[in-house]
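# Architecture and fold: a report
Here is what each chain is made of, one letter per residue.
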Amino acid sequence: MAKQKEDRYRATLNLPKTDFPMKADLPKREPETLARWDREKLYARILEKSKGRPRFILHDGPPYANGHIHIGTAFNKILKDLVVKSHFMLGHYSPYIPGWDCHGLPIDLQVEQELGTDKEKISKLEYRRRCREHAQKYLNIQREEFRRLGCLGVWEKPYITMDYDYEATITREFRKLVERGFVYRGLKPVFWCASCQTALAEAEVEYADLTSPSIFVKFAIADDTPGLPPETRGKKVSLAIWTTTPWTLVANLAVCLHPDLDYVAVQIPNGEVLVMAEGLVLQGMAEMDIEGYQVLGPVSPRDLEKKTCRHPFLNRDSLIILGEHVTLEAGTGCVHTAPGHGQEDYEMGLKYGLETFSPVDDKGRFTSEAGYLVGEMVFKADAQVAAELQKSGALLKSRSISHSYPHCWRCGKPIVFRATPQWFIGMEKGDLRKKALAEIKKTRWIPAWGEDRISGMIQNRPDWCISRQRIWGVPIPAFYCLSCGEVRLEPALIEHVAGIYEARGADAWFELSASELLPPGTKCAKCGGDKFEKEKDILDVWFDSGSSFAAVCERRPELAYPVELYLEGSDQHRGWFHSSLLLSVGTRDRAPYAGVLTHGFTVDGEGKKMSKHLGNVIYPSEVIDKYGAEIVRLWVASEDYRDDIRISPEILERLAEAYRKIRNTFRFLLSNLYDFHPEKDSRPFTELPEIDRYLLHRLSEVEKRAVQSYREFNYYPVFHALHNFCVVDLSAFYLDILKDRLYTFPADSADRRSAQTVLYLVLENLLRLAAPILSFTAEEAWLALPSLPGREPSVHLALFPEPRPEWENPGLAETWEKLIAVRGEVLKALEKERKEKRLGNSLEARVILQPPAELKDLLSKYQPELRYLFITSAAEIGEVGSGEGFESPDLKGLRVRVQKAPGQKCERCWSVSEKVGQDSAHPTLCERCLVAIKKTLG
RNA sequence: GGGCCUAUAGCUCAGUUGGUUAGAGCGCCCGCCUGAUAAGCGUGAGGUCGGUAGUUCGAAUCUACCUAGGCCCA
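Summary of the structure given here. Computed from a prediction, not measured in an experiment: that's the story for all the values here. (Residues numbered from 1 in each chain as written. Chains lettered and ligands numbered in written order. Predicted model: local features only at pLDDT ≥ 70, side-chain atom pairs only at ≥ 80, totals over all residues. Heavy atoms only, no water.)

### Looking at the overall build of chain A
Put simply, the rule reads: Strands are runs of DSSP state E lasting at least 2 residues, helices are runs of H or I lasting at least 4, and numbering of each runs from the N terminus. The atom set for the radius of gyration is the C-alpha atoms, and the globule formula is 2.2 Å times the number of residues raised to the power 0.38. Contacts are assigned to residue pairs with any non-hydrogen atoms lying within 4.5 Å of each other. Exposure was quantified through the Shrake-Rupley algorithm and a 1.4 Å probe, taking into account, for residues, occlusion by the shown protein chains and nothing else. Residues scored as positive are Lys and Arg, those scored as negative are Asp and Glu, and His as well as the terminal groups of each chain are ignored. Charge placement uses NZ in Lys and CZ in Arg. For Asp and Glu, CG and CD serve respectively.
When helices and strands are counted, chain A shows 29 helices and 33 strands. Against the compact-globule benchmark of 30 Å for 938 residues, chain A has a radius of gyration of 39 Å, which places it well outside the compact range. With respect to the three principal axes, the spread of C-alpha positions in chain A is 125 × 75 × 45 Å. For chain A, long-range pairs separated by at least 24 residues make up 77% of all intrachain contacts whose partners lie at least 6 apart in sequence. Summing over all exposed atoms, chain A offers an accessible surface of approximately 39900 Å²; the carbon and sulfur share of this is 51%. Averaging the positions of the 127 positive and the 133 negative side-chain charges in chain A gives two centres separated by 4 Å.

### What to know about the packing of helix α23 (residues 690-711) against helix α24 (residues 716-744)
Defined as follows: Lines fitted to the C-alpha atoms define the axes, with helices restricted to the stretch that makes contact. Angles between their N-to-C directions range from 0 to 180 degrees. Angles are sorted into four bins: roughly parallel if under 35 degrees, roughly antiparallel if over 145, roughly perpendicular if 65 to 115, and oblique for all others. Under the grouping applied here, Gly and all other residues not named as nonpolar or charged are polar, the nonpolar ones being Ala, Val, Leu, Ile, Met, Phe, Trp, Tyr, Cys and Pro and the charged ones Asp, Glu, Lys and Arg.
Relative to each other, α23 and α24 sit at 170°, their axes nearing to 10 Å. By the angle between their directions, the pair α23 and α24 is classed as roughly antiparallel. Facing α23, whose interface residues are Ile 691, Asp 692, Tyr 694, Leu 695, Arg 698, Leu 699, Val 702, Arg 705, Ala 706, Ser 709 and Tyr 710, α24 presents Pro 717, Val 718, Ala 721, Leu 722, Phe 725, Asp 729, Leu 730, Phe 733, Tyr 734, Ile 737, Leu 738 and Arg 741. In terms of residue class, the contact of α23 with α24 is made up of 17 nonpolar, one polar and five charged.

### A few points about the packing of helix α6 (residues 164-179) against helix α18 (residues 576-588)
Spelled out, the test is: Rotating anticlockwise by less than a right angle from the far helix to the near helix defines a left-handed crossing, while the corresponding clockwise rotation defines a right-handed one.
Packing of α6 against α18 brings their axes to within 9 Å, and their N-to-C directions diverge by 60°. By the criterion of interaxial angle, the relationship of α6 to α18 is oblique. Like other packed secondary-structure pairs, α6 and α18 cross with a definite hand, here left-handed. Together, Glu 173, Lys 176 and Leu 177 of α6 and Leu 583, Gly 586, Thr 587 and Arg 588 of α18 make up the contact between the two elements. Class assignment for the residues of the contact of α6 with α18 results in two nonpolar, two polar and three charged.

### As for the pattern of salt bridges
Keep this limit in mind: Any carboxyl oxygen of Asp or Glu that lies within 4 Å of a side-chain nitrogen of Lys or Arg is treated as forming a salt bridge with it. Only protein chains enter the accessibility calculation, which uses a 1.4 Å probe. A residue is then buried if its area is under 20% of the maximum for its type, exposed if over 50%, and partly exposed in between.
For the structure shown, the criterion picks out 74 salt bridges. Note that Glu 533 is salt-bridged to Lys 536, the shortest N-O span being 3.6 Å. The partner of Asp 675 in a salt bridge is Arg 753, with the nearest N and O atoms 3.7 Å apart. With a gap of 78 residues between them, Asp 675 in the loop between α21 (649-671) and α22 (678-681) and Arg 753 in helix α25 (residues 750-770) connect regions that are remote in the sequence. The burial state of Asp 675 is the same as that of Arg 753; both residues are buried. Linked by salt bridges that have partners in common, Asp 675, Lys 680, Asp 681, Asp 748, Arg 752 and Arg 753 make up one network.

### Observations regarding the packing of aromatic side chains
Here is the rule: In this analysis, rings of Phe, Tyr and Trp, with Trp reduced to its six-membered ring, are considered paired at centre separations within 6.5 Å, and the interplanar angle assigns stacked below 30 degrees, edge-to-face beyond 60, and tilted for intermediate values.
Overall, the coordinates contain 25 aromatic pairs when judged by the stated rule. Seen from their ring centres, Tyr 159 and Tyr 166 are 6.1 Å apart, and the 15° between their planes marks the pair as stacked. Neither residue differs from the other here; Tyr 159 and Tyr 166 are each classed as buried. Aromatic pair Phe 676 and Tyr 760: ring centres 5.9 Å apart, planes at 45°, arrangement tilted. Here the residue Phe 676 occupies a position in the loop between α21 and α22, and Tyr 760 occupies one in helix α25, the gap between them amounting to 84 residues. Owing to a relative accessible area of 1%, Phe 676 belongs among the buried residues under this scheme.

### Quick word on α25
Quick reminder of the rule: Take the residue count of a helix, subtract one, and multiply by 1.5 Å to get its expected span.
When the terminal C-alpha atoms of α25 are compared, their 30 Å separation across 21 residues agrees well with the 30 Å that a helix rising 1.5 Å per residue should span. With respect to burial, α25 is a largely interior element, 18 of its 21 residues being buried.

### Here's the deal with the sheet that holds strand β5 (residues 198-200)
Applicable threshold: By this definition, two strands are paired if DSSP reports at least two bridges between them.
The four strands lie next to each other as β5-β4-β16-β18, forming an open sheet whose pairing is antiparallel. With one partner strand each, in any of the chains shown, β5 and β18 (464-465) form the two edges of the open sheet. Note: strand β4 (residues 183-193) against β5, three bridges, orientation antiparallel. From the neighbouring strand, Cys 193 faces β5, where its bridge partner is Thr 198.

### Considerations on the sheet that holds strand β20 (residues 479-481)
Ordered in space as β21-β20-β22, the three strands form an open sheet in which the pairing is antiparallel. Since the sheet does not close on itself, it has two edges, and those belong to β21 (487-488) and β22 (532-534), each with one partner. Judged from the three bridges that link them, β20 and β22 form a sheet pairing that is antiparallel. The residue of β22 that forms the bridge with Cys 481 is Phe 532.

### Here we look at the nonpolar core
Heads up, the condition is: Nonpolar core, defined: a set of buried Ala, Val, Leu, Ile, Met, Phe, Trp, Tyr and Cys residues in which side-chain atoms within 4.5 Å join the residues together.
With 212 residues, the main nonpolar core has Leu 149, Phe 174, Phe 543, Tyr 593 and Tyr 734 as its most contacted residues. The greatest single-element share of this core, amounting to 14 residues, is contributed by α24. Residues contacting Tyr 593, with those up to four places away along its chain left out, are Thr 443, Trp 445, Ile 454, Pro 562, Val 563, Tyr 566, Phe 577 and Leu 581. Listed in part, the 52 residues of the second largest apolar core include Val 255, Ala 338, Ala 381 and Leu 389.

### Considering the protein's contact with RNA strand B
What counts is decided by this rule: Any residue with a heavy atom positioned within 4 Å of a molecule or strand is treated as near that molecule or strand.
Around RNA strand B, the structure places 50 residues, and the nearest of them are Asp 640, Asp 643, Arg 667, Tyr 716 and Ser 731. Backbone atoms, meaning sugar and phosphate, make up 81% of the atoms of RNA strand B lying within 4 Å of the protein. Only α12 (450-460), α21, α24 and α27 (810-835) provide two or more residues apiece to the surface near RNA strand B. Per-element accounting of the surface near RNA strand B gives the leading share, eleven residues, to α24. Here the surface near RNA strand B is built from residues that sort into 15 nonpolar, ten polar and 25 charged.

### A word on the environment of Ile 631
For Ile 631, the position within the fold is in helix α20 (residues 629-638). By relative accessible area, which is 1% here, Ile 631 ends up buried. Sequence spacing of Ile 631 and Ile 773 is 142 residues, and the spatial spacing of their C-alpha atoms is 9.5 Å.

### A word on the side chain of Glu 825
By the element assignment, Glu 825 lies in helix α27. Judged by its relative accessible area of 5%, Glu 825 is buried.

### So, unusual backbone geometry
Each neighbour pair has its own omega, and for Ile 446 with Pro 447 the value is -5°, a cis peptide bond. Along the chain, the position of Pro 447 falls in the loop between β17 (444-446) and α12. The step from Tyr 561 to Pro 562 runs through a cis peptide bond, and the omega angle for that step is -5°. With respect to the helices and strands, the residue Pro 562 is situated in the loop between α17 (548-553) and β24 (563-569). At Phe 713, a residue that is not glycine, the phi angle is positive and equals roughly 60°. For Phe 713, the location among the structural elements is in the loop between α23 and α24.

### Points about α18
With 13 residues, α18 should cover 18 Å at 1.5 Å per step; its first-to-last C-alpha distance of 17 Å lies within 8% of that length. Among the 13 residues of α18, 13 are classified as buried, and the element is accordingly described as predominantly covered. In the stretch just after α18, Asp 589 is the one whose phi turns positive, near 60°.

### Details of the pairing of β24
Of all seven residues that make up β24, six are buried, and the element is covered over most of its length. Sheet topology places strand β1 (residues 58-59) next to β24; two bridges connect them, and they run parallel. Directly across from Leu 58, in β24, lies its bridge partner Leu 565. Of the strand pairs in this sheet, β24 and strand β25 (residues 593-599) are connected by six bridges, and their pairing is parallel. Opposite Glu 568, over in β25, you have Thr 598 as the bridge partner.

### Details of the side chain of Asp 692
Within the element layout of this structure, Asp 692 appears in helix α23. Taking the relative accessible area as the measure of exposure, Asp 692 reaches 0% and is therefore buried. Ignoring any residue separated from it by four or fewer positions in sequence, one finds Asp 692 in contact with Tyr 734, Leu 738, Arg 741, Ser 754, Ala 755 and Val 758.

Put into structure tokens, the structure is as follows:
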């Protein structure tokens, strides 16, 4: 209590007081808050409280249960949390059920690698058990990582695609598609390892240099084919093609030209004519060692379309087709096309109705369809094909080259591209493509260009190949008759299997025999046989996650179908949005969502992709350890997610600074509310001083802006509005001016209580507005608010502030904005004096204003307020001679003179007054403080 | 190579239907205060709007091309 001499009156001031720490200590405090939320079952209470309100469902896109989360995953989850929390506070029922995608290749491959050669020793069932374990392990890890970010949701009961129930639903959704006739079996080329006798996924293929034959071959065409120049008449004309896989010529069905490239007919010394792309003549002739050739004239590729050429050594024709994939990079511009042996070839084959011809068996040997080459290994057949070409005179040139070629990552052998039977969902069946496109139009895409993007993809995509030759997934529930080979893919049988899955999961497919999986007494409809074999393929994982609207939204009582929003990165236009749309349209004739929001990808400070190689990777765990999850949340809220999202040490440092400013503002507000009881001390709005009402006007503007932005899923305007309000309106203006009133006026005076009324309202409302973003800090400050019965025990149980029309006062705002502009000029004048070393603290000053005509009335009217507004000891209206004082460059005609304020500095309030010393009992106090302490001391 | 998208001060963002010296906050420089103190306040300096060429009386804002970057295909 014993104050120093110069602090005699300190005890009579109402200085700020609070336990709310300036230092956030987020990495330490956040886990404590999370634990408390857990204990108090905060999320259950939120759901309970909002039950019955209009639903707003954000359906979670399941991340893949593999590895730790990265900064992009964190961004995505926090963005979802902003949507969900803000919609709760907007007055919705917005339950969030997180999910995980558990089946699929990445886990399958990882488990396979971990097993190494042990894979051969264990059963498929045991293998799947290990995959399940792996998925569960990472699901648990990621769940903790997501929770640590402060994201709320039903974490104890998420949806999991490997749950038995979910697996049964996948199978039932598949059944519906079968029922509706979307599913068919067809051929499609896949990577095939002849040594392992297995199909390979893209990820299982490694590229390495390989020496291959490089041959140029003639495909003869009639000399009177339209599109050829007249000079070719009577000559032997051929399309020249180039290939590095001669054996695939056996399966050649077409030669492809680019519709828009220039082609020419070239006569070579033996009198024959070759057709090739003009841009490749020079290079091609050199490679074929042909000299002395002569270009006869242009060839029109479009005229050649659907004409035929002659297979070089088999007794059949090949079709001439057009494709945009043809390039001038190598070869001749005429591309040998074997639909059974190449992806582009396959697609071109579909387009032109060619057979997916692939006369090669599992072991990489030609089948009888290949005629005399039957039984021959395809790579070994290269030489025989070359010999055949030589014999028929179609071989232009043969040499060998070294190039990059796909190899099996297990056995290291070169692989082949080979057509195998696969299961498909037909895009044209039941107008699937058309219906999907129509549904896209009805959906709200945020940003709007998402519509073009996904429409383009749906427009151009081939049929969906849904079969995968792996183990870790949901089996395709087809059966094959062992005696006649007939395929059985029937709704009733599928439904039977789905029923089994409910109790035992899809493992049952591997555990039970075909007869155990089929209803008793099932017989082959064709041959009457009763022995069946199970399909070996599983479903594409996109089928799993794409079924979530059925497995989750329709089945969880708190959710519904369709939902309001799907929200993921823009890669999901090809992924989850896409598969969900096709499955939902295929089974229910509508999109599963009313809206789809996409965000960009996280990149570094320069806008470059993050990679270990570049050393620019930022890990969420590191940011959390250094700054806290709150800063990650602030980052998510501060960036415009429509574009790529940048993150760098500098960005984080800036955000940490912005955070400190906001936190300190909260703290300062709290520290001046220690003796304020909202119920009994609040002053009526109409009796508040003008500046207080002006501040509430500003607050209502910020509220409107922020709430509107939340409604539109725009978060960075909220961040900017809150930050700017704290910095500009509060810290630099209102609070700075208010200190005098808060500290020096009697504690219970109307003036001080008015100020506190505003501070309380400002803080209480700012915390609500900040809560979705600064979930930890808003809660911490909320709990430090002066107590008020009936207030929600957590800020996350509160709603956003209601609009306050009575606070809005544009006329008042206009007046005060003018005063603030004058204030700015006065501050410049004061700063000028300070530079001249004539002034330190502004309270040493008296300012004299000479206003221009348009400000004269205003400033005269507010003259008594001005000294407080400027935080000087006096402010008067008067004459300032030209050339004297400070002339405002912005407010034309405003002149400001700064003088030393006359009198002495009051020991208590520090302002300078000529009336200091009037009372001999308090010789160091000014007139204002005399009044104040008499009230305070009684 | 194709589809979709992005490009305003060191950072995060504003810039209505093209029209006076392109704005805000932060950061930075310098200074003040010491009753928000690992705080608070103030002044100031920084962009010609990714580049080029057009349309126009006039463009950051419209068009074309180019460059850089991102996602998805190939």
